[in-house]
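Observations on the model geometry
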Amino acid sequence: MAFTKKVTLKSSDGELFIIDRAVALQSRTIQYVLEDTNPVDAIIPVPAVDARTLSKVLEYCKKHLIDLNTDFEDYSKWDKDFVDAEVWMLYDLIMAADYLHIPPLIDLICDKIASMFKGQTPDKIREIFNIDNDFSKEEEEDFKKKSGWAFK
Amino acid sequence: MKLDHNEDDHFDGLSDELLSLIFSKVLDAKSLCRCSAVSKRFASLIPLVDAVLLTVPPPKSKPNRGLFLNFGNSLVTNFIDKLLQFLHQIVLPQSSVSFHSNEGSIHQFSSQVLKNFSHITSLHIQFPSHGGELGANGTGSLLKWEAEFGRELESCVVLGATYFQRSNKISRIPKRQDRVHESSLATDELKLRVAWMISCLFAASARHCLLKQIIADNPLMLRSLVIEDGSKQGRLRMGEDQFKELRKSPAICIKLWYVPLLELPASGCVMKGATLIVIRPLNQMMKMKSDGDLLVGAFDGEEEAEAFCEAVKEIVKEKKPYLMEMNSF
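The structure displayed is predicted, hence computed values, not measured ones. (Residues numbered from 1 in each chain as written. Chains lettered and ligands numbered in written order. Predicted model: local features only at pLDDT ≥ 70, side-chain atom pairs only at ≥ 80, totals over all residues. Heavy atoms only, no water.)

Below, the discussion takes up the overall build of chain A. Check the secondary structure of chain A and you find eight helices and three strands. Looking at chain A as a whole, 39% of its 152 residues are labelled buried. Counting every atom, chain A has about 8,700 Å² of accessible surface; 53% of that belongs to carbon and sulfur. (Helix = DSSP H or I, 4+ residues; strand = E, 2+ residues; numbered from the N terminus. Buried < 20%, exposed > 50% of the residue type's maximum accessible area, 1.4 Å probe, protein only. Areas by Shrake-Rupley, 256 points an atom, 1.4 Å probe, with all protein chains shown as cover.)

Here we come to the interface of chain A and chain B. Each partner contributes residues to the interface: chain A has 39 residues there, and chain B has 38 residues. With both chains or domains summed, chain A and chain B bury close to 3,600 Å², and 64% of this area falls on carbon and sulfur atoms. Counting across the chain A and chain B interface gives three salt bridges. The partner of K40 of chain B in a salt bridge is E139 of chain A, with the nearest N and O atoms 3.7 Å apart. Connecting chain A to chain B are nine residue pairs in polar contact (both at pLDDT 80 or more). (Contact = heavy atoms within 4.5 Å. Buried area = accessible area lost by both parts, 1.4 Å probe. Salt bridge = Lys/Arg side-chain N within 4 Å of Asp/Glu carboxyl O. Polar contact = N/O pair within 3.5 Å; in protein donor to acceptor, adjacent residues only side chain to side chain.)

This next bit is on the sheet that holds strand 1 (residues 6-10) of chain A. Residue and element names in this part refer to chain A. Strand order in the open sheet formed by three strands is 2-1-3, and the pairing between neighbours is mixed. Each edge of the sheet is formed by a strand with only one pairing partner; in this case those strands are strand 2 (16-20) and strand 3 (43-45). Strand-to-strand twist of the sheet, defined as the mean angle between neighbouring strand axes without regard to direction, takes the value 35 degrees. Summarising the sheet, strand 1 and strand 2 pair through five bridges and their orientation is antiparallel. Residue pairing across strands places K6 opposite D20, the latter belonging to strand 2. (Pairing = 2+ DSSP bridges. Axes fitted to C-alpha atoms, helices over the stretch in contact; angles between N-to-C directions.)

For the rest of this paragraph, the subject is the layout of surface pockets. Of the voids in this model, the largest pocket is the one considered here, and its volume is about 470 Å³. Lining the largest pocket we find 24 residues, and of these F143, K144 and S147 of chain A together with S36 and A37 of chain B sit closest to its centre. For the lining of the largest pocket, the secondary-structure elements that each account for two or more residues are helix 7 (122-129) and helix 8 (137-146) of chain A. With six residues, helix 8 of chain A is the single largest residue contributor to the lining of the largest pocket. Taken together, the residues of the lining of the largest pocket break down into eleven nonpolar, five polar and eight charged. (1 Å grid on protein atoms, 1.4 Å probe; cavity = no way out; pocket = protein on both sides within 12 Å on 5 of 7 lines; lining within 4 Å. Points joined across faces, edges and corners; volume = space filled by probe spheres on them. Nonpolar A, V, L, I, M, F, W, Y, C, P; charged D, E, K, R; others polar.)

This part takes up the confidence of the model for chain B. Residues and elements named next belong to chain B. The share of residues in chain B with pLDDT of 70 or more is 61%, and the mean pLDDT across the chain is 70. For chain B, per-element mean pLDDT is lowest for helix 1 (residues 3-6), which scores 46, and highest for helix 2 (residues 16-24), which scores 93. Long-range and interchain partners of residues 62-74, a stretch whose pLDDT sits below 50, account for 20 contacts in this model, where long-range means more than four residues apart. Predicted confidence is poor over residues 132-137, with pLDDT under 50, and the contacts of this stretch with residues over four places away or in other chains come to 16 contacts. Overall fold confidence (pTM) sits at 0.65, and the ipTM for the predicted complex is 0.88. (pLDDT = per-residue confidence, 0-100.)

The next thing to look at is the confidence of the model for chain A. When pLDDT is averaged across chain A, the result is 86; 89% of the residues are at 70 or more. Summarising per-element confidence for chain A, the mean pLDDT is lowest in helix 4 (residues 72-82) of chain A (82) and highest in helix 6 (residues 103-117) of chain A (94).

On to the side chain of R126 of chain A, then. Relative to the elements of secondary structure, R126 of chain A occurs in helix 7. Leaving out residues up to four positions away in the same chain, R126 of chain A has contacts with I131, D132, N133 and E140 of chain A together with A37 and V38 of chain B.

As a further point, take the environment of E314 of chain B. By the secondary structure assignment, E314 of chain B is in helix 12 (residues 305-318). Setting aside its immediate chain neighbours within four residues, E314 of chain B contacts L262 and L264 of chain B.

A separate point is the environment of C156 of chain B. Residues and elements named next belong to chain B. Within the secondary structure, C156 is located in strand 4 (residues 153-161). Distance in space between the C-alpha atoms of C156 and R235 is 9.6 Å, their sequence separation being 79 residues. Apart from the residues within four sequence positions on either side, C156 is in contact with E146, A147 and L201.

Here it is, written out as structure tokens:
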């Protein structure tokens, strides 16, 4: 019976998401809240995640719950499309997945970001992810001397 | 909607744990090294990754073909010849083989790269394919091996075929030929199998030898290791228990510091013929505290502990220790 119950989540910007309890249970954070307080028809606030990101996270949770019959191949294709997103979206997603504690989703996004590091130059990585270069010229030269093999 | 996001450093908000998790999925040693040039934060986290794939670049100049074995089959000869070249790369002193400007052998290259990663538990080394592998060329033959090692060889499995076709359709011609020799191997055929066996064992122990050198240089706490070549002909595997066995070395290491006259200004003492000795089993040195940590805690809580601590510190500062290794202790 528990699986038919609904749970309401409230995003940081106030939007309400009414979802199946089973979908929500994929988030361990929400699972703990439900176990601890067992709020009947209460609204669970998710203050760290905005509506846009939360809807995307819930899309993932629904897919990975409902399609238990889907074979592995199909999942990996769906997952690949799911993380084929812009960097800021990936960032929002991983922060949300971390806050909501959904390990498979964290893994998926980490895989994606790791693949974006592969074969890139440090300059390109800084550009893609908007990272400041906090090395001095001397430190950079020193690094290239020591690890020149990595830049060939 | 996008603009407000573009201003941020996308990793600022990410915890070290998450960023480390991302790095542990990169695997490729070269990419990881490049990542450590991105920012100081990246540089501080990358040495902590636990899984690395090390792809050894192909040699630029080919070493001399010093040895030539004739097995009566040009393919096999070629293969063994290449294998010997590969061995040369491992065995020869640094000056005689040039990789890229400053790297000597595969061993030195690996050690140099692995110095950047102190926390690896899972290592995968991939050699360049040296082009002479059977089955790697279009002739349709196949040779694969997989070996497991602890301290010594534990097992080696070899799979070979003089004809191998990657297709569902079974070609009739080779099948008919095989029927003729179904029951027994002709001498030449047997020779070929022996050559296969020797070359696979050769390649396996060469890799094990390389591994021991790498481990000796880098006190890594590996739990799993795979060494294979680019064309995936052969694979050496080691698991956690096998590493334990490899480390089970009866040898102990003795370090001895000697300072003829030592003044200890802080505690107002003087020592003559001051001697400090640290005795530890070699395998302990890999996983336990460093000498520094060990010495800091030594003689704590004793009378005059202050003077002893100062003496230990000063002696270690003063000069390098004499090193002794003892086996069968």
